[in-house]
Amino acid sequence: MTAPEPFGARLAAAVGTRGPFCAGIDPHAGLLEAWGLADDVAGLERFALGAAEALAPECAVVKPQSAFFERFGSRGVAVLERVVSTCREAGALVLLDVKRGDIGSTSQAYADAYLDPASPLACDALTVSPYLGLGSLEPFVATAARHGAGVFVLALTSNPEGPEVQHARTTAGAHAGGTVAGAVLAHLRALNAGARPLGSHGAVVGATIDATQEDLDVHGPLLAPGFGAQGGTVDDLRRVFGPAVRHVLPTSSREVLGHGPDPAALREACRRANDALAVLR
Ligand SMILES: O=c1ccn([C@@H]2O[C@H](COP(=O)(O)O)[C@@H](O)[C@H]2O)c(=O)[nH]1
(Lines give C-alpha, C1' and ligand atoms only; values in the text may rest on other atoms or scores of the structure.)
Protein backbone atom coordinates (compact mmCIF):
# COMPACT_ATOMS: atom_id res chain seq x y z
CA MET A 1 0.00 0.00 0.00
CA THR A 2 1.39 3.45 -0.89
CA ALA A 3 1.82 5.96 1.93
CA PRO A 4 -0.65 8.87 1.83
CA GLU A 5 0.76 12.26 0.84
CA PRO A 6 1.56 14.13 4.06
CA PHE A 7 -0.70 16.99 5.09
CA GLY A 8 2.18 19.50 5.04
CA ALA A 9 2.86 18.76 1.36
CA ARG A 10 -0.84 18.89 0.45
CA LEU A 11 -1.21 22.17 2.31
CA ALA A 12 1.84 23.75 0.64
CA ALA A 13 0.43 22.83 -2.79
CA ALA A 14 -3.06 24.16 -1.96
CA VAL A 15 -1.71 27.44 -0.57
CA GLY A 16 0.54 27.80 -3.62
CA THR A 17 -2.53 27.59 -5.85
CA ARG A 18 -5.22 29.35 -3.83
CA GLY A 19 -3.40 31.52 -1.29
CA PRO A 20 -3.09 31.24 2.50
CA PHE A 21 -6.44 32.58 3.69
CA CYS A 22 -8.41 30.09 5.77
CA ALA A 23 -12.15 30.79 5.86
CA GLY A 24 -13.88 29.90 9.10
CA ILE A 25 -17.42 28.54 9.15
CA ASP A 26 -18.86 29.56 12.52
CA PRO A 27 -22.67 29.56 12.40
CA HIS A 28 -23.23 32.07 15.21
CA ALA A 29 -26.91 32.74 16.09
CA GLY A 30 -26.37 36.42 15.21
CA LEU A 31 -25.01 35.55 11.76
CA LEU A 32 -27.95 33.23 11.04
CA GLU A 33 -30.23 36.12 11.89
CA ALA A 34 -28.24 38.50 9.68
CA TRP A 35 -28.64 36.02 6.80
CA GLY A 36 -32.43 35.99 7.39
CA LEU A 37 -32.40 32.48 8.83
CA ALA A 38 -33.94 30.96 11.95
CA ASP A 39 -31.62 29.78 14.71
CA ASP A 40 -32.58 26.12 14.23
CA VAL A 41 -31.22 23.09 12.36
CA ALA A 42 -32.79 24.15 9.06
CA GLY A 43 -31.19 27.60 9.42
CA LEU A 44 -27.86 26.01 10.36
CA GLU A 45 -28.01 23.79 7.28
CA ARG A 46 -28.77 26.66 4.87
CA PHE A 47 -26.09 28.85 6.43
CA ALA A 48 -23.28 26.31 6.73
CA LEU A 49 -23.79 24.62 3.37
CA GLY A 50 -24.26 28.00 1.66
CA ALA A 51 -20.98 29.21 3.16
CA ALA A 52 -19.20 25.96 2.27
CA GLU A 53 -20.42 26.00 -1.35
CA ALA A 54 -19.36 29.63 -1.82
CA LEU A 55 -16.04 29.61 0.05
CA ALA A 56 -14.55 26.14 -0.44
CA PRO A 57 -13.79 26.53 -4.18
CA GLU A 58 -11.82 29.72 -3.36
CA CYS A 59 -9.84 28.77 -0.26
CA ALA A 60 -6.95 26.41 0.37
CA VAL A 61 -8.33 25.64 3.82
CA VAL A 62 -11.77 25.90 5.40
CA LYS A 63 -12.09 25.77 9.19
CA PRO A 64 -15.52 24.82 10.53
CA GLN A 65 -15.91 25.48 14.25
CA SER A 66 -17.44 22.30 15.70
CA ALA A 67 -19.09 24.02 18.69
CA PHE A 68 -21.61 25.85 16.51
CA PHE A 69 -22.79 22.55 15.04
CA GLU A 70 -22.72 20.61 18.31
CA ARG A 71 -25.13 23.09 19.89
CA PHE A 72 -27.87 21.49 17.73
CA GLY A 73 -27.00 17.94 18.89
CA SER A 74 -26.78 14.99 16.52
CA ARG A 75 -28.65 16.82 13.73
CA GLY A 76 -26.11 19.65 13.93
CA VAL A 77 -23.24 17.16 13.73
CA ALA A 78 -24.91 15.61 10.67
CA VAL A 79 -24.81 19.07 9.04
CA LEU A 80 -21.12 19.32 9.96
CA GLU A 81 -20.47 16.01 8.18
CA ARG A 82 -22.05 17.44 5.02
CA VAL A 83 -20.05 20.67 5.35
CA VAL A 84 -16.83 18.64 5.57
CA SER A 85 -17.65 16.58 2.47
CA THR A 86 -18.85 19.63 0.50
CA CYS A 87 -15.60 21.49 1.22
CA ARG A 88 -13.37 18.53 0.39
CA GLU A 89 -15.23 17.85 -2.87
CA ALA A 90 -14.58 21.50 -3.82
CA GLY A 91 -10.85 20.95 -3.36
CA ALA A 92 -10.41 22.70 0.01
CA LEU A 93 -8.60 21.10 2.91
CA VAL A 94 -10.78 20.92 6.01
CA LEU A 95 -9.26 21.86 9.35
CA LEU A 96 -11.83 21.10 12.03
CA ASP A 97 -11.56 23.49 14.96
CA VAL A 98 -12.55 21.20 17.83
CA LYS A 99 -9.65 21.66 20.31
CA ARG A 100 -9.56 18.09 21.57
CA GLY A 101 -7.09 16.56 24.03
CA ASP A 102 -7.34 13.99 26.83
CA ILE A 103 -5.44 11.09 28.33
CA GLY A 104 -3.79 9.02 25.60
CA SER A 105 -6.40 6.26 25.28
CA THR A 106 -9.25 8.78 24.92
CA SER A 107 -7.18 10.94 22.56
CA GLN A 108 -6.91 7.87 20.35
CA ALA A 109 -10.70 7.74 20.07
CA TYR A 110 -10.80 11.45 19.20
CA ALA A 111 -8.05 10.95 16.62
CA ASP A 112 -10.00 8.07 15.04
CA ALA A 113 -13.18 10.17 15.00
CA TYR A 114 -11.64 13.13 13.15
CA LEU A 115 -8.68 11.73 11.19
CA ASP A 116 -9.48 8.16 10.14
CA PRO A 117 -10.90 8.27 6.58
CA ALA A 118 -13.38 5.56 7.62
CA SER A 119 -15.07 7.98 10.05
CA PRO A 120 -18.11 10.01 8.93
CA LEU A 121 -16.38 13.12 10.34
CA ALA A 122 -12.96 12.53 8.77
CA CYS A 123 -11.12 15.80 8.09
CA ASP A 124 -7.69 16.79 6.80
CA ALA A 125 -6.58 18.23 10.15
CA LEU A 126 -7.87 19.20 13.58
CA THR A 127 -6.98 21.53 16.43
CA VAL A 128 -5.85 20.00 19.73
CA SER A 129 -5.10 21.31 23.21
CA PRO A 130 -1.72 20.40 24.77
CA TYR A 131 -2.68 20.96 28.41
CA LEU A 132 -2.73 17.27 29.33
CA GLY A 133 0.97 17.16 28.39
CA LEU A 134 2.76 16.98 25.08
CA GLY A 135 3.05 13.18 25.30
CA SER A 136 -0.73 12.90 25.49
CA LEU A 137 -0.87 14.21 21.91
CA GLU A 138 0.95 11.15 20.56
CA PRO A 139 -2.24 9.34 19.38
CA PHE A 140 -3.14 12.40 17.28
CA VAL A 141 0.37 12.58 15.84
CA ALA A 142 0.56 8.85 15.03
CA THR A 143 -2.96 8.68 13.57
CA ALA A 144 -2.36 11.80 11.48
CA ALA A 145 0.88 10.32 10.11
CA ARG A 146 -0.93 7.10 9.19
CA HIS A 147 -3.60 8.94 7.23
CA GLY A 148 -1.68 11.92 5.77
CA ALA A 149 -3.51 14.32 8.09
CA GLY A 150 -2.43 17.34 10.12
CA VAL A 151 -2.55 18.41 13.76
CA PHE A 152 -2.62 22.03 14.99
CA VAL A 153 -1.65 22.53 18.64
CA LEU A 154 -2.69 25.58 20.68
CA ALA A 155 0.46 27.56 21.50
CA LEU A 156 -0.23 31.31 21.89
CA THR A 157 -3.95 31.79 21.45
CA SER A 158 -5.66 34.97 20.30
CA ASN A 159 -7.74 35.51 23.45
CA PRO A 160 -6.50 37.87 26.19
CA GLU A 161 -6.73 35.14 28.89
CA GLY A 162 -4.18 32.88 27.15
CA PRO A 163 -0.93 34.30 28.58
CA GLU A 164 -1.65 33.30 32.21
CA VAL A 165 -1.19 29.66 31.18
CA GLN A 166 0.85 29.91 27.99
CA HIS A 167 3.53 32.30 29.34
CA ALA A 168 3.95 30.28 32.58
CA ARG A 169 7.31 28.54 33.06
CA THR A 170 7.33 24.77 32.91
CA THR A 171 9.46 22.89 35.47
CA ALA A 172 9.19 19.41 33.98
CA GLY A 173 10.00 17.60 30.76
CA ALA A 174 12.44 18.23 27.93
CA HIS A 175 11.80 21.99 27.90
CA ALA A 176 11.94 22.73 31.65
CA GLY A 177 12.69 26.38 32.37
CA GLY A 178 11.05 27.71 29.23
CA THR A 179 7.48 28.83 28.81
CA VAL A 180 4.60 26.45 28.21
CA ALA A 181 4.13 27.98 24.74
CA GLY A 182 7.86 27.61 24.05
CA ALA A 183 7.65 23.92 24.98
CA VAL A 184 4.73 23.42 22.57
CA LEU A 185 6.60 25.20 19.77
CA ALA A 186 9.82 23.24 20.39
CA HIS A 187 7.87 19.96 20.39
CA LEU A 188 6.30 20.84 17.03
CA ARG A 189 9.69 21.84 15.60
CA ALA A 190 11.06 18.43 16.55
CA LEU A 191 8.06 16.63 15.01
CA ASN A 192 8.46 18.60 11.75
CA ALA A 193 12.24 18.17 11.43
CA GLY A 194 13.26 16.95 7.99
CA ALA A 195 9.79 17.21 6.42
CA ARG A 196 9.69 18.59 2.89
CA PRO A 197 8.45 21.15 1.96
CA LEU A 198 6.74 21.67 5.31
CA GLY A 199 5.80 19.56 8.32
CA SER A 200 2.26 18.46 9.09
CA HIS A 201 2.29 19.65 12.71
CA GLY A 202 1.09 23.21 13.09
CA ALA A 203 0.84 25.73 15.89
CA VAL A 204 -2.08 28.01 16.69
CA VAL A 205 -0.74 31.51 17.29
CA GLY A 206 -3.13 34.45 17.38
CA ALA A 207 -2.76 37.43 15.07
CA THR A 208 -3.63 39.58 18.09
CA ILE A 209 -0.89 38.58 20.55
CA ASP A 210 1.76 40.98 21.89
CA ALA A 211 5.27 40.75 20.48
CA THR A 212 6.79 37.46 21.61
CA GLN A 213 10.35 36.27 22.25
CA GLU A 214 9.39 32.73 21.24
CA ASP A 215 10.74 31.24 18.03
CA LEU A 216 7.56 30.82 16.00
CA ASP A 217 9.21 29.02 13.09
CA VAL A 218 8.26 25.38 13.70
CA HIS A 219 8.84 24.38 10.08
CA GLY A 220 5.12 23.75 9.93
CA PRO A 221 1.96 25.75 9.37
CA LEU A 222 0.94 28.52 11.76
CA LEU A 223 -2.80 28.99 12.09
CA ALA A 224 -3.46 32.64 12.96
CA PRO A 225 -6.96 33.28 14.29
CA GLY A 226 -7.85 36.78 15.39
CA PHE A 227 -7.45 38.18 11.88
CA GLY A 228 -10.56 40.26 11.09
CA ALA A 229 -13.31 40.47 13.72
CA GLN A 230 -10.87 40.22 16.66
CA GLY A 231 -8.87 43.15 15.29
CA GLY A 232 -5.82 41.46 13.73
CA THR A 233 -4.49 43.04 10.52
CA VAL A 234 -1.90 42.25 7.86
CA ASP A 235 0.52 44.55 9.73
CA ASP A 236 -0.09 42.55 12.92
CA LEU A 237 0.78 39.33 11.08
CA ARG A 238 4.09 40.88 10.02
CA ARG A 239 4.75 42.17 13.56
CA VAL A 240 3.88 38.94 15.36
CA PHE A 241 5.40 36.37 13.02
CA GLY A 242 8.46 38.09 11.51
CA PRO A 243 10.19 35.78 9.00
CA ALA A 244 7.85 32.89 9.92
CA VAL A 245 4.98 34.82 8.33
CA ARG A 246 5.48 32.81 5.12
CA HIS A 247 4.02 29.77 6.92
CA VAL A 248 0.99 31.60 8.33
CA LEU A 249 -2.61 30.66 7.55
CA PRO A 250 -4.59 33.72 8.66
CA THR A 251 -8.12 32.72 9.51
CA SER A 252 -11.27 34.71 9.92
CA SER A 253 -14.85 33.61 10.47
CA ARG A 254 -17.27 36.42 11.39
CA GLU A 255 -15.63 39.00 9.15
CA VAL A 256 -15.92 36.89 5.99
CA LEU A 257 -19.30 35.33 6.84
CA GLY A 258 -20.75 38.79 7.41
CA HIS A 259 -20.63 39.25 3.63
CA GLY A 260 -23.25 36.52 3.10
CA PRO A 261 -25.64 35.16 2.17
CA ASP A 262 -24.81 36.31 -1.39
CA PRO A 263 -22.35 33.64 -2.66
CA ALA A 264 -20.64 36.11 -4.99
CA ALA A 265 -20.01 38.50 -2.08
CA LEU A 266 -18.62 35.66 0.05
CA ARG A 267 -16.31 34.55 -2.76
CA GLU A 268 -15.19 38.14 -3.30
CA ALA A 269 -14.41 38.56 0.43
CA CYS A 270 -12.22 35.47 0.28
CA ARG A 271 -10.43 36.72 -2.85
CA ARG A 272 -9.84 40.12 -1.26
CA ALA A 273 -8.34 38.48 1.83
CA ASN A 274 -5.95 36.42 -0.30
CA ASP A 275 -5.03 39.51 -2.34
CA ALA A 276 -4.25 41.47 0.82
CA LEU A 277 -2.11 38.59 2.15
CA ALA A 278 -0.07 38.20 -1.05
CA VAL A 279 2.43 40.81 0.21
CA LEU A 280 3.47 38.43 3.01
CA ARG A 281 4.77 35.57 0.85
O1 LIG B 1 -6.57 31.21 19.62
C2 LIG B 1 -7.62 30.95 19.04
C3 LIG B 1 -7.92 29.67 18.59
C4 LIG B 1 -9.07 29.48 17.87
N5 LIG B 1 -9.92 30.49 17.61
C6 LIG B 1 -11.13 30.19 16.81
O7 LIG B 1 -11.02 30.90 15.56
C8 LIG B 1 -12.28 31.43 15.20
C9 LIG B 1 -12.20 32.94 15.16
O10 LIG B 1 -13.44 33.49 14.74
P11 LIG B 1 -13.58 35.05 14.33
O12 LIG B 1 -15.03 35.19 14.05
O13 LIG B 1 -12.72 35.27 13.11
O14 LIG B 1 -13.12 35.85 15.49
C15 LIG B 1 -13.29 30.88 16.21
O16 LIG B 1 -13.79 29.67 15.67
C17 LIG B 1 -12.45 30.59 17.42
O18 LIG B 1 -12.96 29.53 18.21
C19 LIG B 1 -9.63 31.75 18.06
O20 LIG B 1 -10.39 32.73 17.82
N21 LIG B 1 -8.48 31.94 18.76
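So, here's what we can say about the structure. Quick caveat, the model's predicted, so the values are computed rather than measured.

## Structural notes on the sheet that holds strand 7 (residues 222-224)
No. 1: On the basis of which strands lie adjacent, the closed barrel formed by eight strands has the order 1-2-3-4-5-6-7-8 and parallel pairing. Taken over all neighbouring pairs, the strand axes of this sheet differ in orientation by 30° on average, direction set aside.
No. 2: Two strands pair when backbone bridges link them, and strand 7 and strand 8 (residues 248-252) are joined in this way by three bridges, in the parallel orientation. Following the sheet pairing, L223 is matched in strand 8 by L249.

## Examining the packing of helix 6 (residues 104-115) against helix 7 (residues 138-147)
No. 1: Relative to each other, helix 6 and helix 7 sit at 30°, their axes nearing to 8 Å. Here helix 7 runs roughly parallel to helix 6, going by the angle between their axes. Crossing geometry of helix 6 relative to helix 7 is assigned as right-handed. Touching G104, S107, Q108, A111, D112 and L115 of helix 6 are E138, P139, F140, T143, A144 and H147, all from helix 7.
No. 2: Across the contact of helix 6 with helix 7, the residue classes tally to five nonpolar, five polar and two charged.

## Some remarks on helix 12 (residues 263-277)
No. 1: Between its first and last C-alpha, helix 12 extends 21 Å over 15 residues, near the 21 Å set by a 1.5 Å rise per residue.
No. 2: Restricting attention to buried positions, one finds in helix 12 the residues L266, A269, C270 and A273. Summarising the axial view, the buried residues of helix 12 lie within an arc of 95°, below the 170-degree limit, and thus occupy one face. In helix 12, the exposed positions that point more than 90 degrees away from the buried face belong to A264 and D275.
No. 3: At its buried positions, helix 12 is contacted by strand 1 (22-25), helix 3 (41-55), strand 8 and helix 11 (254-257).

Conventions adopted
- Residues numbered from 1 in each chain as written.
- Predicted model: local features only at pLDDT ≥ 70, side-chain atom pairs only at ≥ 80, totals over all residues.
- Pairing = 2+ DSSP bridges.
- Helix = DSSP H or I, 4+ residues; strand = E, 2+ residues; numbered from the N terminus.
- Axes fitted to C-alpha atoms, helices over the stretch in contact; angles between N-to-C directions.
- Parallel < 35°, antiparallel > 145°, perpendicular 65-115°, else oblique.
- Left-handed = near helix turned anticlockwise from the far one by under 90°.
- Contact = placed C-beta atoms within 7 Å.
- Nonpolar A, V, L, I, M, F, W, Y, C, P; charged D, E, K, R; others polar.
- Expected span 1.5 Å × (residues − 1).
- Buried ≥ 20, exposed ≤ 12 C-beta atoms within 10 Å, placed from the backbone.
- Arc of directions from axis to C-beta.

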